Amino acid sequence: MYIPKASKFDPDSNGHFGKFGGRYVPETLMPVLLELDEYYKTIRFDEDFWSEVDTYLKDYVGRPSALYYAKNISDELGAKIYFKREDLNHTGAHKVNNTIVQGLIAKKMGKKRVIAETGAGQHGVATATIAALLGLECEVFMGEKDVERQELNVFRMKLLGAKVHSVKSGSRTLKDAMNEAIRYWVTNARDTFYIIGTVAGPHPYPMMVRDFQAIIGYEAKAQILAKENRLPDYVIACIGGGSNAIGAFSHFLEDEGVTCIGIEAGGLGVETDKHGASLEKGSPGVLHGQMSYLLQDDDGQILEAHSISAGLDYPGIGPEHAYLKELKEAQYENITDQEALDAFVWLSQTEGLIPAFESAHAVAYLKKIPKEKIKNSLIIVNLSGRGDKDMIQAKDLLSFD
Amino acid sequence: MKKLVAYITAGFPNNSFTIDLALALKESGVDSLELGIPFSDPVADGPIIEEANLIALKNGFKIEQLFEISSQIATQIDTLWMGYFNPFYHKGMDLFTDYAKEYGVSGFIIPDLPHEEAKVYTDLMNKKDLSLISFVAPTDSEQRIKQVVENSKKFIYLVAYAGITGSGASEDLSQTITNIRAVTSTPVYVGFGVDEKTAKEKAVGVDGVIVGSAFVKILLDNSLSNNEKIKKISNLAKVIKDTINS
Ligand SMILES: Cc1ncc(COP(=O)(O)O)c(C=O)c1O
C-alpha cells in the first residue's frame, strides 16, 4: 500500500523549498491554508486514511498503472525504453491520482463544494469525476481559449455534473483560469475546497500534490527493479505546473546514477517570445500564492505563455522544481510544438500509443538525447495521459491520405 | 473625525490626470491616497479594478510612472503604494523603499504578502520609517489577529467581507473589531465594497474607510471627459467623507 514518505526536499513549516514556495495569498485565505496544513499533518502518514485511498486507487482508478517495455522504439533508438502508463488511468491521465485524495480530504473537512482550474481539461474532468463519486458540488474554471481547443473535455465535465466557467480575462488560458478560481475561493473561503491540479499554489498544496502523485515513481521503481533488476539511467516527464514530473521523479531523486529530466513547453522556440519554458527563460517571482520561476517582464508583469498543449501553457512552475533546478538535482530541457507533434505521430505509429500533447513533449525528448548518451541506457518516460482529448485539435494540424 | 482613504489606479489614463485627480481628492477631504500599481494578475480585485489594471497595462504603464507621479504628489497628500507583491519583489524592495523615502511616500499596501512572508522586510521598512500595512480578514481567529497586528503601523486594513474588491457583500464585523481593539491601538480602517450607500454602515466602530471600486468605476466611464471624471470623483469623495462623519 502506498503511503507518502518524508523527503529530503520537503519544505519548511511555512512551505519554503529554499527561497521558493511559501504562501502569498490575501489574508482571507490564510486561516483556510493553516487549517488545511494542520489537517494534512494528521493524515499524511496515517495508515487508515491511506488504506481508504488505496481502495479507490486500485478499484476505481485502476492502479497500479503498467510499466510497459516499448520494444519497437527501443530497437529504433538502441536503448531500453519503458513507458509508465498513466494514460491508462480512469479519466485518461495522472490527474485523478491527485483529485481522489484531495476530494477525500475535502469531504473529511466537511466542505460541500470543490472548485478547480483546468488547462487541457484533464484536471477539470478528474475533479468533476471524483465530485460525482463523492457527492460534492463542483465548479471548474477554464480559459475561454482552452474551452475552444478542448471542447470534448468541456462536455465531459458538464456530463459529470460540473459547472464550467469560461474565463475571458487576460490570455484566456490556464493562468487566468487560476486567477478566477482564486477569486471564487476567497469569496467562498468558508465552505469551498480548492482542488489545485498541480504542484503549485500556496503551501501546503505543492507538497500535498507531490505526495499524491509520487505514487507514480513509487510504483515505477518497484516495477523497473522487478523487470530489469536495476535502476533506470533516466526518468523523463513533461512539465506544465510539474505534478506528473515530480510524481515520477520523487522516488528516484535520492538515487545516485538516475538523472531526472523535466521537459518544458518550447512552443515556437525558446528564442521567440512564444513558449512556456519558465525555468529556462523565466526568473524568480510570485504568482498564484507561491514564489517560483515565472515568465515576466522587467516590471514584474506576468507574460503570456504559449504551447500547442493547453496543459503546458502556463507561465509558472511548481516551487519544488525551481528548487531542484537551483540545487542541480534535476535537469530541465524543452521541446517545441513541432517536435511534440512529430512525437505524437511517431509514438502512435510505432507503438500504437496515442499520447496526450503534453506527454508527447516527454516522448519527443527521446530523440534529442545525444546518441552516445542514449546508447544502451535504461529509460522510463512518464506517459502522463492519452491523446483522446486532443483529437479535434490534431485533426486540424495533421492530415493523412 | 473618521478618515477617508482613496484608491486610484496610477497612470490611468496618464500621469498628469493622476496628479490632478490626487490633488483634487486632497481638496475634497481625502486623508490618504492609495496609489495603485497596475498588475497583470490582480487576484484580490473584482472586475472593476481588474479592468482598470489591464487597460493601464495595455496602454503601456511602466513602474517608472509610479515614481514620477509620486514625486509630484506625495508631499501634498499622504500617499501609500498599493500593489501585488511580484513587481515589488522583481524590481527589489530596496529600490521601492529608497524611492518611497525620497518622494515622501508613507507606506506600502500589498494584499498578497501576508504576515509570515512580510516579516523579512520589517527591518528594512522600519529603517526607512515606512509602514507596511497589516491586513485583517473576517475569517481570522482571535489568535491570528493577535499575531498579524502585533507590529501594525499607521492603520489596519480590515477586509469587510470574505471576497474580492467591489462586490455587494457584507458581513458582521463587530467581533473581529473587538478582537483587534483588544490587542492594539492602531486605527482600524475598513475597505472592500465601500461606496456612498454602504459607507455609513461600514464605518460603524472603525476609524476610517477605504474606497476603491466606487471611484474606479467613474474612471472607467467613457462617456465622461477627464475634467468631468475628476469632478465626479471629488464630489463622491466629499459625500462619503460627510456620510461617515455624520
Ligand atoms: C496529460 C497531461 N500531462 C501533463 C500535464 C501537465 O501538468 P503537470 O505538469 O502538473 O503534470 C497535463 C495538464 O493538464 C495533462 O493533462
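Cut-offs used in this document
- Residues numbered from 1 in each chain as written.
- Chains lettered and ligands numbered in written order.
- Predicted model: local features only at pLDDT ≥ 70, side-chain atom pairs only at ≥ 80, totals over all residues.
- Heavy atoms only, no water.
- Helix = DSSP H or I, 4+ residues; strand = E, 2+ residues; numbered from the N terminus.
- Rg over C-alpha atoms; globule rule 2.2 N^0.38 Å.
- Buried < 20%, exposed > 50% of the residue type's maximum accessible area, 1.4 Å probe, protein only.
- Lys, Arg positive; Asp, Glu negative; His and termini not counted.
- Charge placed at Lys NZ, Arg CZ, Asp CG, Glu CD.
- Pairing = 2+ DSSP bridges.
- Axes fitted to C-alpha atoms, helices over the stretch in contact; angles between N-to-C directions.
- Contact = heavy atoms within 4.5 Å.
- Near = heavy atom within 4 Å.
- Polar contact = N/O pair within 3.5 Å; in protein donor to acceptor, adjacent residues only side chain to side chain.
- Areas by Shrake-Rupley, 256 points an atom, 1.4 Å probe, with all protein chains shown as cover.
- Nonpolar A, V, L, I, M, F, W, Y, C, P; charged D, E, K, R; others polar.
- Phe/Tyr/Trp six-rings, centres within 6.5 Å; stacked < 30°, edge-to-face > 60°.
- Buried area = accessible area lost by both parts, 1.4 Å probe.
- Salt bridge = Lys/Arg side-chain N within 4 Å of Asp/Glu carboxyl O.

Here we take up the overall build of chain B. Regarding its fold elements, chain B presents 12 helices and nine strands. Here the C-alpha atoms of chain B give a radius of gyration of 17 Å, agreeing with the 18 Å that 2.2 N^0.38 yields for 246 residues. With the C-alpha coordinates of chain B rotated into their principal frame, the extents come out at 50 × 40 × 30 Å. The buried share among the 246 residues of chain B stands at 61%. Within chain B, one finds 24 positive and 31 negative side-chain charges whose respective centroids are separated by 4 Å.

Residues and elements named next belong to chain A. If you trace the six strands from one edge of the open sheet to the other, you get S3-S4-S14-S9-S10-S13, paired in mixed fashion. In the strand order of this sheet, the two ends are held by strand S3 (67–69) and strand S13 (331–336), each with one partner. Here the strands of the sheet are splayed against their neighbours by 30° on average, with no regard to which way each runs. Across three bridges, the pairing between strand S9 (residues 234–238) and strand S14 (residues 378–383) is parallel. In the sheet register, Tyr234 faces S14, and the bridge partner there is Ile379. Contacts between helix H10 (residues 215–228) and the sheet are confined to S3, strand S4 (80–85) and S14, with S4 contributing the most and set at about 140° to the helix.

So, on to the site of the ligand. Residue and element names in this part refer to chain A. Near the ligand there are 19 residues, and of these Thr198, Gly240, Gly242, Ser243 and Ser384 occur at the shortest range. Between the ligand and Gly242, the relevant distance is 2.7 Å, taken from an oxygen atom to a main-chain nitrogen or oxygen of the residue. For the ligand, an oxygen atom lies 2.7 Å from a polar atom in the side chain of Ser243. Here the ligand, which alone exposes 390 Å², has 97% of that area covered by the protein. Tallied by class, residues from the shell around the ligand come to six nonpolar, 11 polar and two charged.

Below, the discussion takes up the pairing of strand S2 (residues 20–24) of chain A. Residues and elements named next belong to chain A. Counting buried positions over the five residues of S2 gives five, a clear majority of the element. Strand direction decides the pairing type here: S2 and strand S12 (residues 289–294), joined by two bridges, are antiparallel. Opposite Tyr24, over in S12, you have Gly289 as the bridge partner.

Before going further, it helps to spend a moment on the environment of Asp45(B). Looking at where Asp45(B) falls in the secondary structure, it is placed in the loop between strand S2 (32–36) and helix H2 (47–58). For the pair formed by Asp45(B) and Ile69(B), sequence separation is 24 residues and the distance between their alpha carbons is 23 Å. The residues touching Asp45(B), leaving out its near neighbours within four places in the chain, are Arg183(A), Glu50(B), Tyr84(B), Ile164(B) and Thr165(B).

This part is about the packing of aromatic side chains. All names here are of chain B. Overall, the coordinates contain 31 aromatic pairs over all chains when judged by the stated rule. Here the aromatic rings of Phe88 and Phe108 are separated by 5.1 Å at their centres, their planes lie at 40°, and the arrangement is tilted. Within this pair, whereas Phe88 is found in helix H4 (residues 85–91), its partner Phe108 is found in strand S4 (residues 107–109), the two being separated by 20 residues in sequence. For Phe88, a relative accessible area of 0% gives the class buried. The buried category is assigned to Phe108, whose relative accessible area is 0%. Ring geometry for Tyr157 against Phe192: centres 6.1 Å apart, planes inclined by 90°, an arrangement best described as edge-to-face. On the criterion of sequence distance, the pair formed by Tyr157 in strand S7 (residues 156–159) and Phe192 in the loop between strand S8 (188–191) and helix H10 (199–202) is long-range, its members being 35 residues apart. Phe192 sits in the buried class, given a relative accessible area of 10%. Linked through ring pairs, Phe67, Trp81, Phe88, Phe96, Tyr99, Tyr103 and Phe108 together constitute an aromatic cluster.

A few words on the pairing of S4(A). Residues and elements named next belong to chain A. When you tally the buried positions in S4, you get five out of six residues, the bulk of the element. Here S3 pairs with S4 via three bridges, running antiparallel. Considered in S4, the bridge of Tyr69 is made with Tyr82. Sheet topology places S4 next to S14; six bridges connect them, and they run parallel.

A few words on the interface of chain A and chain B. Tallying the contact residues gives 37 residues for chain A and 39 residues for chain B. Here chain A and chain B share an interface that buries about 3100 Å² over both sides, 49% of which is from carbon and sulfur atoms. Broken down residue by residue, the surface that chain A buries against chain B is led by Glu27(A), Arg183(A) and Asp299(A), which jointly contribute 24%. Remark: the boundary between chain A and chain B carries seven salt bridges. For the salt bridge of Lys62(B) with Asp299(A), the shortest nitrogen-to-oxygen distance reads 3.6 Å.

In this section: the environment of Glu50(B). Relative to the elements of secondary structure, Glu50(B) occurs in helix H2. Taking the relative accessible area as the measure of exposure, Glu50(B) reaches 11% and is therefore buried. Along the primary structure Glu50(B) and Asp98(B) are separated by 48 residues, whereas in three dimensions their C-alpha atoms are 28 Å apart. Apart from the residues within four sequence positions on either side, Glu50(B) is in contact with Ser169(A), Arg183(A), Pro42(B) and Asp45(B).

Treat this as a map of the structure, not an account of what it does.
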